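Notes for the structure review
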Amino acid sequence: MSKKNQSKITSLVTSGKNPQAFAGSVNTPIFQTSTVIFPDLESFSKAERGRAVYPITKDAGSYDYGYGIAGTPTTFALQQALCELSGADGCVITPSGLAAITTALLAFLSSGDHVLMVDSVYGPTRRFCNKELKRQGIETTYYNPTIGSDIAALIQPNTKVIFLESPGSLTFEMQDVPAIVAVAKAHNITTIMDNSWAAPLFFQPLSHGVDVEVLAVTKYIGGHSDIILGAVLSKESHTKAINKVMHHYGTSTSPYDCSLALRGLRTVGARLKQQQETTGSLLKWIEAQPEVDKILTPQHPSDAGHDLWKRDYSGAASFFSIVLNQTYSHAQLSAMLDAMSLFMIGVSWGGYESLVIPFDPSAIRTASTWPHKGSCLRFYVGLEDAEDLIADLEAAFKRLRAAK
Ligand SMILES: *Cc1c(COP(=O)(O)O)cnc(C)c1O
């Protein structure tokens, strides 16, 4: 079967592998290397010309690299796998998902430029715009996540980047990616999309015309809550600018973390299949609870983004938020959440363990007004058994009722 027609599930298992290069080892070994020794001056010069700038990883078969800061064969294997899965020509691995976002923004913005940023963006991305980009003389305008092609009205002569994240963090608003991309292309503006929610399976931004994809590898790909890593993926037209920022800032990642990411990648298909199924069962149970005013996740038919999600995505991540029917006090929410035995209180997601956090979107938005009044909770569904998770939720809702 040609690689083109191969299912993504299969590619998760086969991508970025080169056993012949490593004594037949199924997995690319961990190359824990700073200095690389060369047999002669000619091979040294060749490596300095080739890999001194960050590798474009189409040709992972050749390992002429000059120094460990640009990665080692372990890094290249992860880059190659992510390129194959996303349809990218180039990939850089960053020390965190947030670093992937900041690297991508810095690659395409300079002093005096303007960026259009989605209002439902991951909180630390907003902080980077409001603090660091501002300090560098780069202006940010936030836009309503449901804006679609009306984004054209917000474009200024100095707009260089439109940043998308779909679905949004915590509240999961769907964006009309093709509509926004069409406007950006007409104005020669670079589009960058945070695709962490869907990665690596449910949506491929680059095949929908987005220029640059950023990923929190920390999440589903890592899969075990034990690494922090990110990736920036792009088509050839945008790789050079990204490679330069990596090179100039001296950003580097541990080969050990890259090998853990590769390990997580092999099982993410099976994990997500299970987690989606469990999430479906939990949604059925939770929608019947009288305290639940609204369910936020595009896979739920009641969600405003459901049609866009069905049009563009092949699956859904295993989390959802709920809006409760009133504002509950800190003490009431503590009574509900503190004693949960499977849903742990903690940020992040993508690991094997279920998580819950309260949040308040009305405190963050600047381009849209949050329409709901009740307290909000986000649940991330891990790999525990659905019935046990429902029992944990049932007990939590009982405690909330008793705390009224
Ligand atoms: C977690 C997350 C990030 C950042 O990833 P880190 O590796 O924790 O820095 C970026 N975007 C989204 C949507 C995330 O959920």
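**Structural notes on the overall build of the chain**
Each helix and strand in the chain was counted, giving eleven helices and twelve strands. Here the C-alpha radius of gyration of the chain, 22 Å, is about what a compact globule of 404 residues would show, namely 22 Å. The principal-axis extents of the C-alpha atoms in the chain amount to approximately 75 × 50 × 40 Å. A total of 404 residues make up the chain; the buried ones form 57% of that total. Partitioning the contacts of the chain with sequence separation of at least 6, the portion at a separation of at least 24 is 73%. Total accessible area on the chain is roughly 17,100 Å²; 54% of this is exposed by carbon and sulfur atoms.

**Some thoughts on the state of the cysteines**
Using the criterion set out here, one finds zero disulfides in the structure. We note that Cys 258 lacks a disulfide partner, and the nearest cysteine sulfur, in Cys 91, lies 9.1 Å from it. Residue class for Cys 258 comes out buried when judged on its relative accessible area of 0%.

**Considerations on the domain arrangement of the chain**
Considered domain by domain, the chain is made up of domain 1 (3-264) and domain 2 (269-403). When each unit is reduced to the centre of its C-alpha atoms, the spacing between domain 1 and domain 2 is 28 Å. Contact residues are listed per partner, giving 36 residues for domain 1 and 40 residues for domain 2. Counting the surface lost from both domain 1 and domain 2, the interface buries some 3,100 Å², and carbon and sulfur atoms represent 62% of this. A salt bridge links Glu 173 to Arg 365; its shortest N-O distance comes to 3.1 Å. There are 17 residue pairs in polar contact (both at pLDDT 80 or more) connecting domain 1 and domain 2. Mapped onto the side of domain 1 that touches domain 2, the elements with two or more residues apiece are α1 (8-14) and β3 (139-143).

**Remarks on the pattern of salt bridges**
Under the defined criterion, the tally for this structure stands at eight salt bridges. In this structure, Glu 291 engages Arg 401 in a salt bridge whose closest nitrogen and oxygen atoms are separated by 2.7 Å. Of this pair, Glu 291 sits in the loop between α8 (255-286) and β8 (292-296) while Arg 401 sits in helix α11 (residues 386-402), placing them 110 residues apart in sequence. Residue class for Glu 291 comes out buried when judged on its relative accessible area of 3%. On the basis of relative accessible area, Arg 401 is assigned to the partly exposed category, the value being 34%. In this structure, the salt-bridge partner of Asp 312 is Arg 311, at a minimum N-O distance of 2.9 Å. Taking the relative accessible area as the measure of exposure, Asp 312 reaches 11% and is therefore buried. A relative accessible area of 47% places Arg 311 in the partly exposed class. Connected through shared salt-bridge partners, Asp 176, Arg 311 and Asp 312 make up one network.

**Thoughts on the site of the ligand**
The environment of the ligand is formed by 15 residues, the closest being Gly 97, Leu 98, Asp 194, Thr 218 and Lys 219. With respect to the ligand, the side chain of Asp 194 contributes an N or O atom lying 2.6 Å from a nitrogen atom. For the ligand, an oxygen atom lies 2.8 Å from a polar atom in the side chain of Lys 219. Look at the ligand: alone it shows 380 Å² of surface, and the protein chains cover 90% of it. At three residues, the largest contribution of residues to the shell around the ligand is made by helix α4 (residues 97-108).

**A few points about the nonpolar core**
One finds Leu 82 and Leu 105 to be the most contacted residues of the largest nonpolar core, which totals 91 residues. Looking at which domains feed residues into this core, each of domain 1 (3-264) and domain 2 (269-403) gives three or more. Those residues in contact with Leu 82 that lie beyond four places of it in its chain are Cys 91, Ile 93, Val 217, Ile 221, Ala 231, Leu 233 and Leu 265. Membership of the second largest hydrophobic core comes to 26 residues, among which are Phe 343, Ala 386, Leu 393 and Ala 396.

**Digging into the packing of aromatic side chains**
Between two aromatic rings, the relevant description is the distance of the centres plus the angle of the planes. By the definition in use, this model includes twelve aromatic pairs. With centroids separated by 5.7 Å and ring planes inclined at 70 degrees, the aromatic side chains of Trp 197 and Tyr 313 adopt a geometry described as edge-to-face. Of this pair, Trp 197 sits in the loop between β5 (190-194) and β6 (212-216) while Tyr 313 sits in the loop between α9 (306-312) and β9 (319-324), and the two are 116 residues apart along the sequence. Considering the side-chain rings of Tyr 220 and Trp 349, the 5.2 Å spacing of their centres and the 70 degrees angle between planes classify their relative orientation as edge-to-face. Of this pair, Tyr 220 sits in the loop between β6 and β7 (230-234) while Trp 349 sits in the loop between β10 (344-345) and β11 (355-359), placing them 129 residues apart in sequence. Owing to a relative accessible area of 10%, Trp 349 belongs among the buried residues under this scheme. Through successive ring pairs, a cluster of aromatic residues spans Phe 172, Tyr 220, Phe 319, Trp 349 and Tyr 380. The lysine or arginine in question, Arg 126, covers the ring of Tyr 142, its NZ or CZ lying 4.1 Å from the ring centre.

Cut-offs used in this document
- Residues numbered from 1 in each chain as written.
- Predicted model: local features only at pLDDT ≥ 70, side-chain atom pairs only at ≥ 80, totals over all residues.
- Heavy atoms only, no water.
- Helix = DSSP H or I, 4+ residues; strand = E, 2+ residues; numbered from the N terminus.
- Rg over C-alpha atoms; globule rule 2.2 N^0.38 Å.
- Buried < 20%, exposed > 50% of the residue type's maximum accessible area, 1.4 Å probe, protein only.
- Contact = heavy atoms within 4.5 Å.
- Areas by Shrake-Rupley, 256 points an atom, 1.4 Å probe, with all protein chains shown as cover.
- Disulfide = S-S within 2.5 Å.
- Domains from an automatic or database assignment.
- Buried area = accessible area lost by both parts, 1.4 Å probe.
- Salt bridge = Lys/Arg side-chain N within 4 Å of Asp/Glu carboxyl O.
- Polar contact = N/O pair within 3.5 Å; in protein donor to acceptor, adjacent residues only side chain to side chain.
- Near = heavy atom within 4 Å.
- Core = buried A, V, L, I, M, F, W, Y, C linked by side-chain atoms within 4.5 Å.
- Phe/Tyr/Trp six-rings, centres within 6.5 Å; stacked < 30°, edge-to-face > 60°.
- Lys NZ or Arg CZ within 6 Å of the ring centre and 35° of its normal.

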